[in-house]
Amino acid sequence: MTTLTLALHAMATRFEMVLHGENPVALRAAGEEALAEIERLEAQLSLYRDTSEIAHLNARAAQGPVRVTPSLFALLLHAQQLHRQSGGAFDITIAPLVRCWGFMGGGGHLPDAAALAAARASMGMSLVELDPDQLTVRFASAGVMLDLGAIGKGYAVDRAIDILREAAVASALLHGGTSTVFGLGHPPDAESWKVAVECPRHGMLRARAGVPPGRGQDARATLMERARAEISATIQPQRAPGQTLATVPLRDEAMSVSAVWGRSFQAEGKTFGHVLDPRTGCPVSEAVLAAVVLPSATETDALSTALLVLGMEGRAKLAGLRPGMKSLLAAEARGQFRVESDGLAITGVR
Ligand code: AMP
Ligand code: MG
């Protein structure tokens, strides 16, 4: 049995992969092909690359319909469906608001009131017209801008996992910035991959102390320190017991974690995070961490963001959307953390 680890810097984070298999040459070829696909998707989907298809769309679609590749069109349709199903909590037209709150390539700041009003006026999926016959996208007004930041990493993980499956890889773990993790099959010596979710108290303390996430890593959900440092047969959560909220088993499933402390700033005695509520125009408050487990990483990525936005009331609403969906939600009120779970065992301190 061979174990191989590979890593790639893409989508402003670090993707890491551990693969197990019998044939080292075939394993490496499959892993490298999967990472190449992630690189290709970054070049297509990144808002921050002038040459990406998304940048092209953002620059032109207010002037008239822009034809996009079938895969991007399918992803936009999926995002539109997730927007509808989440009652508008997941919204890829969030970009003007992200910029206004200083999170577009920055660490965030309080917005100017006039800029906030303008940003809110150019948001909303109803301003995005998708034509399935022509595969075109048109924005109904100037100022509309798409940001796939809450779904792109999950989508990239799914496409990379497709490549591994096609190459008959039976056992692999892949994560993007620790916020979306996919466990393909299981490790040779265990029935599932085990992924740790960071305790919200610990995460929020770090955010308040201004400790940035590790380089190229959001440090929300997981482990992987060991996988990066060395080639290890099994990946186990590496956090101290008091810092782990839950240890989630994954087998042919993905987990995504959205957390306020993924990127945040402090002002007026409060923590403002990078997940924004399209209904209020402000960063999410109360809910501090949301995790979702499903077979599709595209969906866990989008729905964990949506769950963070919706908070406790959103749990029942989202749980009914996909059979078998498991989730965790942590909220903070007056220094107290409340954690609720659907189908995931909470093991750590709350
Ligand atoms: P995630 O870490 O997957 O929860 O994604 C957060 C990123 O998605 C942010 O940094 C923004 O770029 C973007 N975003 C923020 N709020 C939303 C929202 N309500 N819906 C969709 N994308 C969002
Ligand atoms: Mg997300």
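Overview of the structure. (Residues numbered from 1 in each chain as written. Chains lettered and ligands numbered in written order. Predicted model: local features only at pLDDT ≥ 70, side-chain atom pairs only at ≥ 80, totals over all residues. Heavy atoms only, no water.)

## A word on the site of ligand 1
In step 1: Close to ligand 1 lie 18 residues, the nearest being D147, S258, H274, L276 and T305.
In step 2: One of the side-chain N or O atoms of H274 is found 2.8 Å from an oxygen atom in ligand 1.
In step 3: Between ligand 1 and T305, the relevant distance is 2.7 Å, taken from an oxygen atom to a side-chain nitrogen or oxygen of the residue.
In step 4: For ligand 1, whose unbound accessible area comes to 500 Å², protein coverage reaches 96%.
In step 5: Of the residues in the shell around ligand 1, the class split is nine nonpolar, four polar and five charged. (Near = heavy atom within 4 Å. Polar contact = N/O pair within 3.5 Å; in protein donor to acceptor, adjacent residues only side chain to side chain. Areas by Shrake-Rupley, 256 points an atom, 1.4 Å probe, with all protein chains shown as cover. Nonpolar A, V, L, I, M, F, W, Y, C, P; charged D, E, K, R; others polar.)

## So, the pairing of strand β10 (residues 253-259)
In step 1: A large share of β10 lies buried, amounting to seven of its seven residues.
In step 2: Burial along β10 is two-sided: the face carrying E253, M255, V257 and A259 and the face carrying A254, S256 and S258 are both buried.
In step 3: Both strand β7 (residues 180-184) and β10 contribute to a ladder of four bridges, which runs antiparallel. Following the sheet pairing, G183 is matched in β10 by E253.
In step 4: With six bridges joining them, β10 and strand β15 (residues 287-294) adopt antiparallel strand pairing. Residue M255 lies in a different strand from β15, and its bridge partner there is V293. (Buried < 20%, exposed > 50% of the residue type's maximum accessible area, 1.4 Å probe, protein only. Helix = DSSP H or I, 4+ residues; strand = E, 2+ residues; numbered from the N terminus. Pairing = 2+ DSSP bridges.)

## Observations concerning the coordination of the magnesium ion (ligand 2)
In step 1: Bound to the magnesium ion (ligand 2) on the protein side are A150 (O), D301 (O), D301 (OD) and T305 (OG1), at distances that span 2.0 to 2.6 Å.
In step 2: You can call D301 buried: its relative accessible area is 7%. (Donors = N, O, S within 2.8 Å, 3.2 Å for Na, K, Ca; no water.)

## A few points about the environment of G107
In step 1: Following the sequence through the fold, G107 ends up in the loop between α4 (95-100) and α5 (113-121).
In step 2: Spatially, the C-alpha atom of G107 lies 31 Å from that of A74, the residues being 33 residues apart in sequence.
In step 3: When sequence neighbours within four positions are dropped, the list of residues in contact with G107 reads G102, S264 and F265. (Contact = heavy atoms within 4.5 Å.)

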